[in-house]
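Chain residues, written in single-letter form:
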Amino acid sequence: MSLFSIIRIAIKSLTRNTTRTFLTMLGIIIGVAAVITMLAIGQGAKKIVDEQINSMGTNVIIVTVNFAASSGSARGDAGSGSLLEVADVEAIRNSVDGILYASPVYTTGGQIKFEGQNWRAGIMGVDVDYFNIRDMQIESGEPFYRSDVVSGNKVCVIGQTVAANLFSNTDPVGKTIRIRNIPFKVNGVLKAKGQNAMGSDQDDVILAPYTTTYARLLGNHWRSMMILVSAESKERIALAQQDILDLLQSRHRGTTSEHFVVRTQTDIAQAADTVSNTLTILLASIAGISLLVGGIGIMNIMLVSVTERIKEIGIRMAVGAGKRDVLLQFIIEAVMISFIGGIIGIFLGWGAAKTVGHYMKWSVAVTPWSVMLSVSFSWIIGVFFGWYPAKKASTLNLIDALRYE
Amino acid sequence: MVKPLIITKDLVKTYIMGDIHVHALRGIDIQINEGEFIAIMGASGSGKTTFMNLLGCLDKPTSGSYSLDGIDVHSIKESDLARIRNEKIGYVFQSFYLLSRTTAYENVELPLLYRTKLNHEERKAKTLLALRTVAIEDRAHHYPNQLSGGQQQRVAIARAIVNSPVFLLADEPTGNLDTRTGVEVMAVMQALHNQGKTIVLVTHENDIAAYADRLITFRDGRIIADQKNTNPRNAAEDLKKLPIIEDED
Ligand SMILES: Nc1ncnc2c1ncn2[C@@H]1O[C@H](COP(=O)(O)OP(=O)(O)OP(=O)(O)O)[C@@H](O)[C@H]1O
Ligand SMILES: [Mg+2]
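Residues numbered from 1 in each chain as written. Chains lettered and ligands numbered in written order. Predicted model: local features only at pLDDT ≥ 70, side-chain atom pairs only at ≥ 80, totals over all residues. Heavy atoms only, no water.

Caption draft 1: Representation of the sheet that holds strand β4 (residues 63–68) of chain B. Spatially, β2-β1-β4-β5 (chain B) is the arrangement adopted by the 4 strands of the open sheet, whose pairing is antiparallel. Edge positions in the open sheet fall to β2 (20–33) and β5 (71–72) of chain B, since each of these has one partner strand only. (Pairing = 2+ DSSP bridges. Helix = DSSP H or I, 4+ residues; strand = E, 2+ residues; numbered from the N terminus.)

Caption draft 2: Fine view of the packing of aromatic side chains. Inspection of the entire model under this criterion finds 8 aromatic pairs over all chains. Their ring planes at 40° and their centres at 4.3 Å tell us that F114(A) and F167(A) sit as a pair that is tilted. Here F114(A) is found in strand β2 (residues 99–114), whereas its partner F167(A) is found in the loop between α7 (160–166) and β6 (176–179), with 53 residues between them in sequence. For F167(A), a relative accessible area of 4% corresponds to the buried category. Ring geometry for F51(B) and F218(B): centres 5.3 Å apart, planes at 45°, overall tilted. Of this pair, F51(B) sits in helix α1 (residues 48–55) while F218(B) is found in strand β9 (residues 214–219), placing the two residues 167 residues apart along the sequence. Both residues of the pair, F51(B) and F218(B), count as buried. Here a set of aromatic residues connected by ring pairs shows up, and it is made of Y91(B), F93(B) and Y97(B). (Phe/Tyr/Trp six-rings, centres within 6.5 Å; stacked < 30°, edge-to-face > 60°. Buried < 20%, exposed > 50% of the residue type's maximum accessible area, 1.4 Å probe, protein only.)

Caption draft 3: Highlighting the domain arrangement of chain A. Taken domain by domain, chain A consists of domain 1 (3–52 + 271–403) and domain 2 (70–255). For domain 1 of chain A and domain 2 of chain A, the distance between their C-alpha centres works out to 56 Å. (Domains from an automatic or database assignment.)

Caption draft 4: Examining the side chain of T127(B) more closely. Here T127(B) lies in helix α4 (residues 120–133). In contact with T127(B), not counting residues within four places along its chain, are Y105(B), V108(B), E109(B), L112(B) and V162(B). (Contact = heavy atoms within 4.5 Å.)

Caption draft 5: Geometry of the site of ligand 1. Lining the immediate surroundings of ligand 1 are 15 residues, of which S44(B), G45(B), K48(B), T49(B) and T50(B) lie closest. Chains contributing residues near ligand 1 are chains A and B. Between an oxygen atom of ligand 1 and a side-chain N or O atom of T49(B), the distance comes to 2.6 Å. Across the complex, the protein chains shield 72% of the 630 Å² of accessible surface that ligand 1 would expose by itself. Contributions of two or more residues to the shell around ligand 1 are made by β1 (4–17), β2 and α1 of chain B. (Near = heavy atom within 4 Å. Polar contact = N/O pair within 3.5 Å; in protein donor to acceptor, adjacent residues only side chain to side chain. Areas by Shrake-Rupley, 256 points an atom, 1.4 Å probe, with all protein chains shown as cover.)

Caption draft 6: Representation of the pattern of salt bridges within the structure. One pass over the structure, following the stated rule, counts 28 salt bridges over all chains. Here E312(A) and R316(A) are joined by a salt bridge, their closest N and O atoms 2.8 Å apart. Taken as a pair, E312(A) and R316(A) lie in helix α11 (residues 310–318) at a separation of 4 residues, close to a single helical turn. Considered together, E312(A) and R316(A) belong to a single accessibility category, that of buried residues. Here R180(B) makes a salt bridge to E184(B), at a shortest N to O gap of 3.7 Å. Residue R180(B) and its partner E184(B) are located together in helix α6 (residues 179–194), separated by 4 residues, close to a single helical turn. No difference in accessibility class separates R180(B) from E184(B), as the two residues are buried. (Salt bridge = Lys/Arg side-chain N within 4 Å of Asp/Glu carboxyl O.)

Caption draft 7: Seen up close, the environment of I281(A). Topologically, I281(A) is positioned in helix α10 (residues 265–308). Considering only alpha carbons, one finds I281(A) and M38(A), 243 residues apart in sequence, at a separation of 8.8 Å.

Caption draft 8: Broad picture of the layout of surface pockets. The space that makes up the largest pocket amounts to roughly 740 Å³. If you go around the largest pocket, you meet 33 residues; those closest to its centre are S13(A), R16(A), R309(A), E312(A) and S100(B). Counting residues per element, the ones that place at least two in the lining of the largest pocket are α1 (3–16), α2 (18–54), α10, α11 and α12 (323–360) of chain A together with α3 (104–113) of chain B. Of all the elements, α1(A) adds the most residues to the lining of the largest pocket, at 6 residues. In terms of residue class, the lining of the largest pocket is built from 12 nonpolar, 7 polar and 14 charged. (1 Å grid on protein atoms, 1.4 Å probe; cavity = no way out; pocket = protein on both sides within 12 Å on 5 of 7 lines; lining within 4 Å. Points joined across faces, edges and corners; volume = space filled by probe spheres on them. Nonpolar A, V, L, I, M, F, W, Y, C, P; charged D, E, K, R; others polar.)

Caption draft 9: A look at a nonpolar patch on the surface. On the surface, W379(A), I380(A), V383(A), F384(A) and W387(A) cluster together into a nonpolar patch covering about 530 Å² of accessible area. Position of I380(A) relative to the elements: it lies in helix α13 (residues 368–394). (Patch = residues over 30% accessible without salt bridge, like charges linked within 9 Å, V, L, I, M, F, W, Y side chains within 5 Å.)

Caption draft 10: Main features of empty space enclosed by the protein. All names here are of chain B. In total, this model carries 2 cavities of 30 Å³ or more according to the counting rule given. One number sums up the size of the largest cavity: a volume of about 100 Å³. If you list the elements that add at least two residues to the lining of the largest cavity, you get α2 (78–87), β6 (89–92) and α5 (149–161). Sort the elements by how many residues they give to the lining of the largest cavity and β6 lands first, with 3 residues.

And the structure:
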């Protein structure tokens, strides 16, 4: 029997009971739609995290102190927070190969005032290199310069969120704000950067020379410093990472590699990818279970259908249908249910993903890969769950089938 | 010159149901020649249907041999058996066995669908020819439940002959029909016989058996009589004499 004839017969018997066919198909539709949506959400989340990690800057290396390790024997006399020094920054910049920029980062926070307005924001004491490392662009005004750092001038650059909350109508550039009651002149406003990978607002920030920050804003008790470095190229990162670690150990007596944490942007990206891939797989597996349930629904209905049509099977065999013809007829019916259900499911899932993306303001991504996966999966479901009922139909005894009432 | 179409040797069929062995056929030796029109008679349970099912390759014998048109049927595999059913045999059942919710045309076309060699036009030509042969082409697009018993049986006969089989088997084809419709069906059978078809038919009625040219009688799974009918009745002429009881159209 030609495939065309078999498909025609299949269509005929499926349209004979459209309600039942549709309900059976619904299981697959929902399953495939769920898989498509979940994969899209997973992929969307991954895309956002990737973008956020890229917003860190280019080829960034982050050097911090491992507090857990340094609280032991090798702690410096001024406390673990001050294990890193400004001199380390200079040393990294000057003696590690393939380093473009390096900047200390002191982090603090506090009350900021301008005229009647109040706001709390993170304050970072940095060197001018910081702008390059993190691709910080100035939207209006200008950044601060090395001379400001050297002289410890009370100048700063503010992020968009800070600008919006302190200055409703006025241009912030050139104005003087009070950070913890100390007046700072606003040199410029940064371009918006959005959220970072941890979900915090990168525009709710004030950048000031680290010298000024150190002298004016940091208390004596908490002088934790982080070093941000930018490597020449992606290829350089791994090498530079090791060199920095070696350099720091040689500069600080009695320390081991345990005392410092040198992370690269690549490390962070990989870790984040692992998390989002795991999340995607988890979501898709849960959705996959509903696809499986849909497949069991097909098997159930096909078994009913075989029983209902025993006589038909007998008649077909009597006029010359072979086992193979009968087997194929029922498998193709099952595959058609699952395949058509799969196609509808893809459109439904695509729509659902778009809707979710729209309301959550996420860029969900329906990839050709996920479409292919669910199409082939629904095929396999059809063949797999159609097989048993079809096999049952094709191995019926002809005489018994004809006599069946 | 007679050419043997069917030769059976010591054909035995025993149904085993638990401890009980039902000896439906106890050794049938028969030769059927091309162009014969045979009627099989016998009491209920004497094994007629069982024998027909073996001849029609719907079932396999417990022992014995059966050769059809030179093919040793009992030694071939299942898939080839389906092909023989499709190409060499036309089977007409007592209760028609038409696919419901499928038109007369599609029912008749069914055996042709299992032969991929034919294209759409060839199938259509053969189907229409078969429908015309049994004079039912005006009902081609009716469903079985829209047809009378006689019309349904004519559709079933059309399906049996559509693939030009070498012989036609009919198990009580008139059993579910009234006398006049029965004679109508026999007229179709006789016409096919006159075109050269070999026909084997089971019946309980002597009047129906009288249209055949050879009469075989079964009892207890054995053949007890096998005689020629040198003067078969003519169904077409009988039909003219019969009053029209019910207009089917
Ligand atoms: N599938 C079966 N399983 C068990 N026994 C069977 C089966 N088919 C037929 N028989 C038995 O075989 C014997 C012959 O049956 P068969 O149907 O051939 O008789 P028949 O001559 O066609 O009778 P009828 O004139 O009533 O149709 C009977 O005793 C019947 O009970
Ligand atoms: Mg019988």
